[in-house]
Amino acid sequence: MSGTLSQPQILNFTEMATSISEIHQAHAHLLKTGIFYRNTFASNKLVSFAVKNPDPITLSNARSVLTRITDPNSFSYNSLIRAYANSTTPQNALFLFHQMLEGPVFPDKYSFTFVLKACAGFGGVEEGRQIHGEVLKMGIGSDVFVANTLIHMYDKSGYFWAAKNLLDRMTNRDVVSWNALLSAYIETGFIGLACGFFDEMEERNVESWNFMISGYLSPGLVEEARSVFDRMPVKDVVSWNAMITGYAHASCFSEVLVLFEDMQREEVRPDNCTLVNVLSACAHFGALGQGEGVHAYIDKNRIGTNGFVATALVDMYSKCGNIDKALNVFRNASRKDIGMHGFGENALKTFSERLDKGFEPNEVTFIAVLSACSRAGLLNEGRHMFQLMVDDYSIQPTIEHYGCMVDLLCRVGLLEEALQLVETTPLKEAPVLWESLLSACENHGNVEMAEHVARNLLELNPQDSAGYVQLSNTYAALKRWDDVSNVRRRMKALKINKEPGCSMIEVDGVVHEFLAGEGLILEQI
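Because the structure is predicted, anything quoted here is derived from the model rather than measured.

Visitor: When you look at helix H4 (residues 40-52) in this model, what are you seeing that I'm missing?
Guide: An α-helix turns once per 3.6 residues; consequently, residues spaced three or four apart project the same way. In the structure, H4 departs most strongly from a straight axis at Leu-46, where the bend amounts to approximately 30 degrees. Of all the 13 residues making up H4, 10 are buried; the element is thus mostly covered by neighbouring parts of the structure. Listed as buried for H4 are Thr-40, Ala-42, Ser-43, Asn-44, Lys-45, Leu-46, Val-47, Phe-49, Ala-50 and Val-51. Check the buried side of H4 and you find it contacts helix H1 (7-15), helix H2 (20-33), helix H3 (35-38), helix H5 (56-68) and helix H6 (74-85).

Visitor: Explanation requested: the side chain of Thr-149 in the structure shown.
Guide: Following the sequence through the fold, Thr-149 ends up in helix H10 (residues 144-156). Engagement of the side chain of Thr-149 in a polar contact is seen with the backbone oxygen of Phe-145, the distance being 2.7 Å. For Thr-149, the residues in contact, after removing those within four places along its chain, are Thr-113, Leu-116 and Lys-117.

Visitor: What is the right way to look at the pattern of salt bridges in this model?
Guide: In a structure, side chains of opposite charge can pair up when their charged atoms sit close to one another. Taken as a whole, this structure holds 15 salt bridges when the rule is applied. The partner of Lys-45 in a salt bridge is Glu-15, with the nearest N and O atoms 2.6 Å apart. In this pair, Lys-45 sits in helix H4 while Glu-15 sits in helix H1, placing the two residues 30 residues apart along the sequence. The shortest N-O distance in the salt bridge between Arg-129 and Glu-126 comes to 3.6 Å. Here Arg-129 pairs with Glu-126, and both are found in helix H9 (residues 125-138), just 3 residues apart, close to one helical turn.

Visitor: Sorry, what's going on with the environment of Asn-148 here?
Guide: Tracing the chain through its elements places Asn-148 in helix H10. Note: C-alpha distance between Asn-148 and Thr-113 (35 residues apart in sequence) is 8.6 Å. A polar contact of 2.5 Å, which involves the side chain of Asn-148, links it to the side chain of Ser-177.

Visitor: When you look at the packing of helix H13 (residues 191-200) against helix H14 (residues 206-217) in this model, what are you seeing that I'm missing?
Guide: Relative orientation and spacing of two packed helices are given, respectively, by the angle between their axes and the distance between those axes. For the pair H13 and H14, interaxial distance at closest approach is 10 Å and the crossing angle is 155 degrees. Overall, the two elements H13 and H14 adopt an arrangement that is roughly antiparallel. Pair H13 / H14 crosses with left-handed handedness. Two secondary-structure elements touch here, H13 through Ile-191, Ala-194, Cys-195 and Phe-198 and H14 through Ser-208, Trp-209, Met-212, Gly-215 and Tyr-216.

Visitor: Quick question: what am I supposed to make of the layout of surface pockets here?
Guide: To locate leftover empty space, one rolls a probe as large as a water molecule over the atoms. Space inside the largest pocket adds up to approximately 1200 Å³. Together, 34 residues line the largest pocket, and Ser-280, Asp-315, Lys-319, Ile-367 and Glu-400 are the ones closest to its centre. Every element with two or more residues in the lining of the largest pocket is listed here: helix H16 (237-249), helix H18 (272-285), helix H20 (307-319), helix H23 (363-376), helix H25 (399-411) and helix H27 (431-444). The dominant element in the lining of the largest pocket, judged by the number of residues it contributes, is H23, at 7 residues.

How each quantity is defined
- Per chain, residues are indexed from 1 in the order of the written sequence.
- Local features in this predicted model are restricted to residues of pLDDT 70 or higher, and side-chain atom pairs are both shown and tallied only at a pLDDT of 80 or more, whereas totals for entire chains, interfaces and linings draw on every residue.
- Side-chain numbers here rest on the full set of heavy atoms in the structure, without hydrogens or water.
- To obtain the bend at a residue, axes are fitted to the seven residues ending there and to the seven starting there, and the angle between these axes is taken.
- Helix and strand assignments come from DSSP, with helices taken as H or I runs of at least 4 residues and strands as E runs of at least 2, each series counted from the N terminus.
- Burial classification: accessible surface area is computed with a 1.4 Å probe over protein chains only, and a residue below 20% of its type maximum counts as buried, one above 50% as exposed, and the rest as partly exposed.
- Any two residues whose heavy atoms approach within 4.5 Å are treated as being in contact.
- Here a polar contact means two N or O atoms within 3.5 Å. Within protein one must be a hydrogen donor candidate and the other an acceptor candidate, and residues neighboring in sequence count only if both atoms are side-chain atoms.
- The term salt bridge refers to a pairing of a side-chain nitrogen on Lys or Arg with a carboxyl oxygen on Asp or Glu at a separation within 4 Å.
- Axis definition: a line fitted to C-alpha atoms, limited for helices to the stretch in contact. Angles are taken between N-to-C directions and run from 0 to 180 degrees.
- Roughly parallel refers to an angle under 35 degrees, roughly antiparallel to one over 145, roughly perpendicular to one between 65 and 115, and oblique to any angle outside these ranges.
- Handedness of each helix crossing follows the sense of rotation of the near helix against the far helix: counterclockwise by less than a right angle gives left-handed, clockwise gives right-handed.
- Using a grid of 1 Å spacing that covers the protein atoms alone, one calls a set of points a cavity when a 1.4 Å probe fits there but cannot get out, and a pocket when the set is open and has protein on both sides within 12 Å along at least five of seven lines; lining residues are those with an atom within 4 Å of a point.
- Grid points are joined across faces, edges and corners, and a volume is the space filled by probe spheres set on the points.

The structure is reproduced here in structure tokens:
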């Protein structure tokens with residue numbers, strides 16, 4: 001910052017600051033001109049920067065500024081209490097609140113809402129109950145904002161009975177009051193309680209319905225979620241995204257595309273989350289025409305092909321066999337943190353070039369790079385990329401990263417190494433990796449390992465047919481018919497049925513679905 005700014009200019013600069021260095025510049029200017037000492041309103045803006053940027057350095061600076069304000073007011077303290085409530089150390093808000101209780105700057109109703117939010121953040125129900133007592137002493141218990149925050153504090157701490165009791169005693173409750181308790185039931189997985197509570201709610205808004213949709217989708221109850229979705233009087237983009245994402249996670253990709261068309265007919269503008277899920281569905285189907293239509297929609301509406309959208313486009317074009325368009329998307333993306341599925345050595349060359357230019361890869365980038373190594377059978381390169389991700393970029397591997405490595409090791413026949421990797425995977429989604437390894441054992445005819453892998457897979461999910469079917473196929477490939485019969489008898493005894501095989505292709509905008517033994521199913525998407 002150069003020269004001397006007028007008071008309106010320095011206030012505007014402080015309000016628009018986006019970094020701690022800019023706040024330091026503003027602070028220095030306020031000190032130099034004396035505005036800091038005679039204008040509390042201006043000084044408060046230095047503190048309130050921490051509300052939206054509650055990292056440790058910013059909070060420490062805000063705390064230092066607060067102690068030097070000549071005539072602080074409740075807004076000064078409330079800003080910092082609110083910042084702590086939004087931070088990773090919400091308990092620090094209590095110290096400031098206790099200072100306010102001692103005066104000379106006493107808490108107002110906003111102080112209570114912010115400190116109660118802080119209590120909810122660290123599960124401080126005992127501290128919250130003491131603050132509830134202060135609320136009653138001050139006679140602001142009937143204030144709807146304070147009461148709603150109390151409900152939030154109690155339900156986040158698991159004290160549902162206290163939250164419900166408070167809600168029942170409120171004389172001027174609003175939809176936020178109801179939603180506070182509903183969201184708590186949903187977040188803790190009490191979908192039955194949530195359903196009953198939803199039915200008795202006096203007021204509902206679109207957020208209430210969205211809570212119910214997410215509540216059903218979390219345990220995989222897609223049909224129940226769809227029932228709620230269809231009954232909604234008004235839907236927003238969050239509603240559509242929740243349902244589309246739910247179908248995508250359940251591998252109901254045709255429903256994803258149907259909903260996307262419905263969404264467009266309803267003139268609801270999709271966001272990046274929508275587009276990523278729709279493009280993923282197109283990639284799954286190999287529906288190039290539909291994917292190109294989505295790409296055209298993105299271009300027509302000037303939606304930037306950044307980050308995850310660009311990755312989804314590259315993935316879609318790659319899986320649909322149009323490598324030229326995939327590369328074109330990658331080259332033209334305004335942010336180069338996207339994937340390069342299936343390009344093999346070209347992918348690694350492009351990735352290395354980006355790193356040399358200071359590009360900072362994220363977990364999505366490494367999924368794409370590892371996938372490219374797997375498809376091209378680049379063992380050493382894949383190992384190197386996995387270690388680079390963990391050691392140099394401190395990215396914790398996800399199920400997708402492990403899946404790429406298991407697939408790569410299996411492709412080159414290193415089943416023992418793949419087994420060691422799967423056995424050390426600290427993820428609850430590990431059954432997917434065991435299935436992949438079992439399939440590789442079948443392909444390589446390694447029946448001994450197949451039996452070991454199948455046992456582990458069946459221990460994790462004894463009702464899943466995949467382990468039985470693949471083990472049976474392995475025995476069949478080796479003409480061990482007695483073992484095949486034993487596996488099938490066990491499936492029959494446990495009443496486990498094999499799901500029919502399914503293939504899908506797109507021809508002239510129509511998705512054709514083939515189920516084994518059931519002929520052809522047509523779906524116009």
